[in-house]
Every structure is written in C-alpha cells, then in structure tokens.
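Structure assessment
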Amino acid sequence: MRHIIAVLLENEAGALSRVAGLFSARGYNIESLTVAPTEDPTLSRMTLVTIGNDEVIEQIKKQLNKLIDTVKLVELTEGEHIEREMMMVKVRAERQDREELKRLVDIFRAKIIDVSEISYVIELTGHSGKLDAFLNALPKGLIIEVVRSGPTAIARGPKGLTL
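Here is what the cut-offs are and how they apply
- Residues numbered from 1 in each chain as written.
- Predicted model: local features only at pLDDT ≥ 70, side-chain atom pairs only at ≥ 80, totals over all residues.
- Heavy atoms only, no water.
- Helix = DSSP H or I, 4+ residues; strand = E, 2+ residues; numbered from the N terminus.
- Buried < 20%, exposed > 50% of the residue type's maximum accessible area, 1.4 Å probe, protein only.
- Contact = heavy atoms within 4.5 Å.
- Phe/Tyr/Trp six-rings, centres within 6.5 Å; stacked < 30°, edge-to-face > 60°.
- Arc of directions from axis to C-beta.
- Polar contact = N/O pair within 3.5 Å; in protein donor to acceptor, adjacent residues only side chain to side chain.

To continue, consider the overall build of the protein. From N to C terminus, the protein includes four helices and nine strands. Its helices and strands taken in sequence order, the protein reads β-α-β-β-α-β-β-α-β-β-α-β-β from the N to the C terminus. Structurally, the protein occupies a C-alpha span of about 55 × 35 × 35 Å along its principal axes. In the protein, which comprises 163 residues, the share counted as buried stands at 38%. For the protein, the share of sequence-separated contacts (at least 6 apart) that also reach a separation of at least 24 residues comes to 73%.

One non-glycine residue, arginine 109, lies in the positive phi region at around 55 degrees. Counting through the fold element by element, arginine 109 comes out in the loop between helix 3 (95-107) and strand 6 (111-115).

Below, the discussion takes up the packing of aromatic side chains. Here the structure, examined in full by the defined rule, presents two aromatic pairs. On the basis of an interplanar angle of 80 degrees and a centroid distance of 6.2 Å, the ring pair of phenylalanine 23 and tyrosine 28 is categorised as edge-to-face. Look at phenylalanine 108 and phenylalanine 134: their rings are 5.2 Å apart centre to centre, the planes differ by 80 degrees, and that puts the pair in the edge-to-face class. You can see phenylalanine 108 sitting in the loop between helix 3 and strand 6 and its partner phenylalanine 134 sitting in helix 4 (residues 128-137), a full 26 residues away along the chain. Classification of phenylalanine 108 by relative accessible area gives buried; the value is 15%.

Bringing helix 4 into the picture now. Of the positions making up helix 4, those classed as buried are Ser128, Leu131, Phe134 and Leu135. Angular distribution of buried residues about the axis of helix 4 spans 120 degrees; they occupy a single face of the element. The inward-facing, buried residues of helix 4 contact strand 5 (81-92), helix 3, strand 7 (119-126) and strand 8 (143-148).

What follows concerns the side chain of lysine 61. The residue lysine 61 is located in helix 2 (residues 54-66) in this model. Here the side chain of lysine 61 touches glutamate 75 through a polar contact of 3.2 Å, side chain to side chain. Once residues within four sequence positions are removed from consideration, lysine 61 is found in contact with Ile5, Leu73, Glu75 and Glu78.

Take it as geometry only, folks, not as evidence of what the structure does.
Set out below in structure tokens:
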C-alpha cells in the first residue's frame, strides 16, 4: 500500500542523506521525496512517499524517529489529507497543434508558462491521476519532456506538523 509520511527535520547539511541512507540500508524504496525549508529557517519539511505493508511502514516510522535530525513525524495517509503534484510538460506546438493544445490546457486548468516558435511548456498541478490523464490526452508524438515533482501533502483540519 502507498503511504505518505511528512517529517519535520533540522535544516542541516546531511539530514537528507541520513534519511536516504536509512531507506537504502534496509532495502526500502522511496517512490517520491520532496524537501523544503519551513517558515522556521532552522527546520525543513520532508514529504516522503513509499510503498509497504503496515509492519514495514511502522518500522520505517520508528527508524525515522531515531534519526537525530527528526523533530516530528506524521503519516498523512492515516487520516484525511490533501495531496498535490506539480508537472511541467514540454510539447511540440507547431501551428496545426496550437489550438488543440490550448483547449486541453483549459480543460485541465493548466497554464502555458513558456512559448517558443515550435514548443509550449505547460504547468499543471493536481492529484497524480489528473496529471496522468493530461498526459494520456495529449496527441501522440507531441511530448518532448516531462518533469514531475512527486506528491506533496498536508493534513486537513486544524492540526499541523508543527512544534
């Protein structure tokens, strides 16, 4: 089963390396990983997506909590949460394709963020399924490059991952 774990870490050199090392040493796979500083410059928030049964996830959480850099941890998939992913797609956009691409961009509430004579860069944010659907809706042969951030998530309601 897919799990999203949010971790508040000390914003110090090597913290990310220690988390990655923990996963590789135990043979666990990281499906997606995003890290950025929080409103407190001494802390970073890591959103980690991994797959495993309940026992494996419990072991991962225990090991993460043992790391000296870990301040607080929450598994977001245990409760209600909002999850989003960002994607940029570079597509061939020659004259005959431009109108159809603009219609798709509107349908999916995406944005064209860069235009050249022969290409568009399109930005799209949403649930992973929406991003997959957009890629499947693009006419064959137009995709030049795809970049995805991986999911990031936040718990719904008043509680937050704070000190």
